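Working through the structure, step by step
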Amino acid sequence: MKEARELQTLLDQLEHHIKAQADEMDCLRRDAARYRWLNKYTSQLFMVTEAQMNDEVDRAMRGGER
């Protein structure tokens, strides 16, 4: 009986971790969608292609290095 409780506890913990990971994945998907939207409209504002905007963002994130 003790082993069954321990297994159930482990299963409950695993379920909790899986749900937390799924929630994190949902947040990352929303962040990615926001980034794509922001990149699209920012590139239009600066009249550059989205690829050029990505390059500039990547360069800025590296501290300005080319």
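Placed above this text is the structure.
The structure contained in this document is the topic of the report that follows. (Residues numbered from 1 in each chain as written. Predicted model: local features only at pLDDT ≥ 70, side-chain atom pairs only at ≥ 80, totals over all residues. Heavy atoms only, no water.)

Quick look at the pattern of salt bridges
Per the counting criterion, the structure on display carries 4 salt bridges. Where Arg59 meets Glu56, a salt bridge forms, and the shortest distance between an N and an O atom there is 2.5 Å. With a gap of 3 residues between them, Arg59 and Glu56 both fall in helix α2 (residues 50–61), about one helical turn apart. Exposure remark for Glu56: the relative accessible area of 35% places this residue in the partly exposed category. (Salt bridge = Lys/Arg side-chain N within 4 Å of Asp/Glu carboxyl O. Helix = DSSP H or I, 4+ residues; strand = E, 2+ residues; numbered from the N terminus. Buried < 20%, exposed > 50% of the residue type's maximum accessible area, 1.4 Å probe, protein only.)

Considering the packing of helix α1 (residues 2–45) against α2
The packing of two helices is summarised by the inter-axis angle and the distance between the axes. With their axes 9 Å apart at the nearest point, α1 and α2 run at an angle of 110° to one another. One element, α1, and the other, α2, form an angle in the roughly perpendicular class. Counted together, Tyr35, Asn39, Lys40, Thr42 and Ser43 of α1 and Glu50, Met53, Asn54 and Val57 of α2 form the full contact between these two elements. Within the contact of α1 with α2, the residues separate by chemical class into 3 nonpolar, 4 polar and 2 charged. (Axes fitted to C-alpha atoms, helices over the stretch in contact; angles between N-to-C directions. Parallel < 35°, antiparallel > 145°, perpendicular 65-115°, else oblique. Contact = heavy atoms within 4.5 Å. Nonpolar A, V, L, I, M, F, W, Y, C, P; charged D, E, K, R; others polar.)

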